[in-house]
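Examination of the molecular architecture
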Amino acid sequence: MLTGLLMYINTLLVWTQSRKLLSFSLIALMTLPISGLRGQSTINFTESKLIIESNLKNYEFNVDVALSPSQQSRGLMFRLKLDSNAGMLFFHKREKVASMWMNNTYIPLDMLFINSSGIIVHIFYGATPHSKDIISYNYPVRAVLELAAGVVNTHGIKVGDKVKNALFNNAD
């Protein structure tokens, strides 16, 4: 998009003889929305297998892992879909009170708050896309797992279930 914008400006400079027309065209261009450019720099995530052990069954997910501050700030922002077997794991160096929000997030999410042992200690169901409301749990956790809204209920995942992943040092 940026390349196309620059080519358009260059064309205006080459073909336009009148300064008034050029000025008018540049002003018009500056009023166009550039939401496609804002906040969408590339941030890479490591993929990892994660299993939730429920008393009924084990559920496997392929998750992106957010470890760095830039990864954790971006999260699932700007993504338009999330498969039912996918998610994002926000993993912290040590337990802390985790605060999440849905700014620039287009997908409704369920958020699972997980302690250092990999035990789900709290679940927030159906976070609203684009909401600036803070979603938190009052006690320190080691990680937050975001899944597409409805996945938790569909699988019967609940508080007390165990999350297995290499980051928790409990993967088989």
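Please refer to the structure higher up on the page.
**A look at the overall build of the chain**
- Regarding its fold elements, the chain presents 4 helices and 9 strands.
- Taken over 172 residues, the chain has a buried fraction of 38%.
- Carbon together with sulfur atoms contributes 56% to the accessible area of the chain, which is approximately 10,400 Å² in total.

**Some thoughts on the pattern of salt bridges**
- On inspection of all chains with the given rule, the structure shows 4 salt bridges.
- A salt bridge links E53 to K164, with the nearest nitrogen and oxygen atoms 3.4 Å apart. Placement of the pair is E53 in strand 1 (residues 46-53) and K164 in strand 9 (residues 162-164), with a sequence separation of 111 residues.
- According to the relative accessible area criterion, K164 is buried, its value standing at 14%.
- Close ionic contact of D83 with K81 constitutes a salt bridge, the shortest N to O distance being 3.5 Å.
- The class for D83 is partly exposed, based on a relative accessible area of 41%.

**Structural notes on the sheet that holds strand 9**
- Spatially, the 7 strands line up as an open sheet ordered 6-5-8-3-2-1-9, and their pairing is mixed. The open sheet has two edge strands with one neighbour each: strand 6 (120-127) and strand 9. Mean inter-strand twist for the sheet, computed between neighbouring axes without regard to direction, equals 30 degrees.
- Taken together, the 8 bridges between strand 1 and strand 2 (residues 58-66) define a ladder with antiparallel strand orientation.

**A look at the environment of A98**
- Its location among the elements puts A98 in the loop between strand 3 (86-96) and strand 4 (99-100).
- Judged by relative accessible area, which is 1%, A98 ranks as buried.
- In sequence terms A98 and N138 are 40 residues apart; their C-alpha atoms lie 8.4 Å from each other.
- Aside from chain neighbours lying at most four places away, what touches A98 is H92, F113, I135, S136, Y137, V141 and V144.

**Notes on the pairing of strand 1**
- Hairpin geometry of strand 1 and strand 2 is characterised by an intervening segment of 4 residues between the two adjacent antiparallel strands.
- Inspection of the sheet shows strand 1 paired to strand 9 by 3 bridges, in the antiparallel sense. Its bridge partner lying in strand 9, I51 is registered against K164.

**Some words on the pairing of strand 5 (residues 109-114)**
- Counting buried residues along strand 5, 6 of its 6 residues qualify, which places the element largely inside the surrounding structure.
- The pairing of strand 5 with strand 6 spans 5 bridges and is classified as antiparallel. Paired with I114 across the two strands is I120, which belongs to strand 6.
- Linking strand 5 back to strand 6 in an antiparallel pair, the connection comprises 5 residues, with G118 at a positive phi of about 90 degrees.
- Looking at chain direction, strand 5 and strand 8 (residues 141-148) are connected through 6 bridges and run antiparallel.

The rules behind these values
- Residues numbered from 1 in each chain as written.
- Predicted model: local features only at pLDDT ≥ 70, side-chain atom pairs only at ≥ 80, totals over all residues.
- Heavy atoms only, no water.
- Helix = DSSP H or I, 4+ residues; strand = E, 2+ residues; numbered from the N terminus.
- Buried < 20%, exposed > 50% of the residue type's maximum accessible area, 1.4 Å probe, protein only.
- Areas by Shrake-Rupley, 256 points an atom, 1.4 Å probe, with all protein chains shown as cover.
- Salt bridge = Lys/Arg side-chain N within 4 Å of Asp/Glu carboxyl O.
- Pairing = 2+ DSSP bridges.
- Axes fitted to C-alpha atoms, helices over the stretch in contact; angles between N-to-C directions.
- Contact = heavy atoms within 4.5 Å.

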